[in-house]
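Spelled out, the chains give:
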Amino acid sequence: MKTALGFILLFTFLEAYAVELKVYRKSKLQHMDRSFVLHTKSTPDQVVLDCQSFIQGINIGKAEDAVLFMMDAQDCEDLYHRIDGSLRKSQKHCIEVDDEVRGDYSCS
């Protein structure tokens, strides 16, 4: 019974972070070459695309409260280039995340 309750709570927690992030601007994280703060109105938490650290991906939140959506190095770099391409065209870039990064695309 405790195991079933644990799984229900775990899946409820994961679903709480199912969100579409609409990135309208990015800025470099201080002292980092390949880590960026993604500015979005989709969530009040800080969103960071970290393609430089040992564990790479999208972090939503700060410090120990952050939720990490892990990515491999090439996927992280590719996402950065797609975000950059959208922003250069004066478009927003949408990223769908739930338990992982599901997809991304230019959006309005």
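In this report, the structure presented in the accompanying data block is examined. Only a predicted model underlies this, so the values are computations on that prediction, with no experimental measurement involved.

Below, the discussion takes up the pattern of salt bridges. Here the structure, examined in full by the defined rule, presents 7 salt bridges. Where Asp104 meets Arg82, a salt bridge forms, and the shortest distance between an N and an O atom there is 2.8 Å. Taken together, the residues span a long stretch of sequence, with Asp104 in strand E7 (residues 101–107) and Arg82 in helix H2 (residues 73–88) at a distance of 22 residues. What makes Arg82 partly exposed here is its relative accessible area of 39%.

Within the secondary structure layout, His39 lies in strand E2 (residues 35–40). Reaching out from His39, the side chain makes a polar contact with the side chain of Ser27 at a distance of 2.9 Å. Setting aside residues up to four positions removed in sequence, His39 forms contacts with Lys22, Val23, Tyr24, Arg25, Lys26 and Ser27.

Calculation notes
- Residues numbered from 1 in each chain as written.
- Predicted model: local features only at pLDDT ≥ 70, side-chain atom pairs only at ≥ 80, totals over all residues.
- Heavy atoms only, no water.
- Salt bridge = Lys/Arg side-chain N within 4 Å of Asp/Glu carboxyl O.
- Helix = DSSP H or I, 4+ residues; strand = E, 2+ residues; numbered from the N terminus.
- Buried < 20%, exposed > 50% of the residue type's maximum accessible area, 1.4 Å probe, protein only.
- Polar contact = N/O pair within 3.5 Å; in protein donor to acceptor, adjacent residues only side chain to side chain.
- Contact = heavy atoms within 4.5 Å.

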